[in-house]
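The chain contents come next:
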Amino acid sequence: MPGPASPDPLDLTGKVAVVTGSGRGLGFAYAAALAAAGASVVVNDLDEAVAEEAAKSITEAGGRAVAEAAAVGTAEAADRLVARAVEEFGRLDVMVTNAGILRDRVLWKMTDDDFDEVLTTHLRGTFTCARAAAVRMREQGGGGRLILVGSPAGQRGNFGQTNYAAAKAGIAAMTRTWSMELARAGITVNAIVPVAATAMTETIPAFAPYIEAMRRGEPLPDFLRKGEGFGTAEDCAALAPFLASDAAQDVTGQCVGIGGDRLALWSHPQEVAVAYADGGWRPETVAAAWHTSVGREPQSVGIPAPVIPEA
């Protein structure tokens, strides 16, 4: 006789998730996807009305969600979000650190406040929320999932985004570090690197007409969805339930890109060229060797410009 059917490893029924910055955009897409997979979700936004409306939308679609308004960044806010999950649903299994803001300026025009505000929300907010979640997950046992949100800007840099790129690069580094630190507790740590039509990408002139057409109900062309990996926020949502599920129990320390029709794995930084000098290097020997060995093929910087087909 056949045994009982195996449980669906992608079913999140009984799991509880917190998604920061989930009142709208990518954060809402992650929260809605987690709820659709069966998870109970704490929706977070700085604006209480926005958070409440997002939670209502999820519950009206048949999911379970509550709202918790808080400005992510402080330990107090992180503790409140974890406590709300435990009070409402009894536990915490998944923390998605999505909350973020933009204060774009070139270096010589960026103020201390521009820098600090972005680092506080993105980098410190990720740290405080992940720490609070890790404490709870280790106490309750059974493992857990930390799903951090990165950006191509953190992988390659981006003009005018000193603060944002630095924060996202730090998140990639924290992903790798925490995956080692939390492995014994059964807690996986991964980063989503999304590309979608958001407030930031709308400012890219090459994308603007296609985003406008998308809003009129027209599909995005293949060169964007596949070539650029660019689509809607909902196109990025599937990665969150996967990483939160038992199907991804052995996936950790990874930065995973998603957007449009494209799914990708980002490499970790590594040495790409090496040279040696007996007895060590001097300035003149570095200069002599640079263009013939180590520096012969320098690494590119910045997010590549989109390739728009000619009409």
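Because the structure is a prediction, the values reported are computed rather than measured.

### Some thoughts on the packing of helix H4 (residues 112–140) against helix H6 (residues 162–181)
Packing of H4 against H6 brings their axes to within 8 Å, and their N-to-C directions diverge by 15 degrees. Taken as axis vectors, H4 and H6 run roughly parallel relative to one another. H4 and H6 meet at a crossing whose hand is right-handed. Along its contact with H4, which presents Asp114, Phe115, Val118, Leu119, His122, Leu123, Thr126, Phe127 and Ala130, the element H6 presents Thr162, Asn163, Tyr164, Ala167, Lys168, Gly170, Ile171, Met174 and Trp178.

### Quick look at the pattern of salt bridges
Pairing between side chains of opposite charge can happen when the charged atoms of each approach one another. Summed over the entire model, instances satisfying the criterion amount to 13 salt bridges. Between Glu68 and Arg80 there is a salt bridge whose closest N-O contact spans 2.9 Å. Of this pair, Glu68 sits in strand E3 (residues 64–69) while Arg80 sits in helix H3 (residues 75–89), placing them 12 residues apart in sequence. For Arg80, a relative accessible area of 41% translates into the label partly exposed. In this structure, Asp235 engages Arg225 in a salt bridge whose closest nitrogen and oxygen atoms are separated by 2.8 Å. Pair noted here: Asp235 is in the loop between helix H8 (222–227) and helix H9 (239–244) and Arg225 is in helix H8, with a separation of 10 residues, a long-range link. On the accessibility criterion, Arg225 (17% relative accessible area) is buried. Because the salt bridges share partners, they merge into one network encompassing Asp222, Arg225, Lys226, Asp235 and Asp261.

The rules behind each value
- Within every chain, residues take consecutive numbers counted from 1 along the sequence as written.
- In view of the model being predicted, local features appear only for residues whose pLDDT reaches at least 70, and side-chain atom pairs are presented and counted only at 80 or more, with totals across whole chains, interfaces and linings using the full set of residues.
- As a convention, hydrogens and water are excluded, and side-chain values are obtained from all of the structure's heavy atoms.
- Interaxial angles span 0 to 180 degrees and are taken between N-to-C directions of axes, which are lines fitted to C-alpha atoms, for helices over the stretch in contact.
- In this description a helix means any DSSP run of H or I spanning at least four residues, a strand means any run of E spanning at least two, and both kinds are numbered starting from the N terminus.
- Any angle that falls under 35 degrees is termed roughly parallel, while one over 145 is termed roughly antiparallel, one within 65 to 115 roughly perpendicular, and all others oblique.
- Left-handed describes a crossing in which the near helix is turned anticlockwise from the far one by less than a right angle; the clockwise case is right-handed.
- The contact criterion used throughout is that any non-hydrogen atoms of two residues lie within 4.5 Å.
- A side-chain nitrogen of Lys or Arg and a carboxyl oxygen of Asp or Glu constitute a salt bridge if their distance falls within 4 Å.
- Summary of the burial criterion: residues with accessible area below 20% of their type's maximum are buried, those above 50% are exposed, and those between are partly exposed, where the area comes from a 1.4 Å probe applied to protein chains only.

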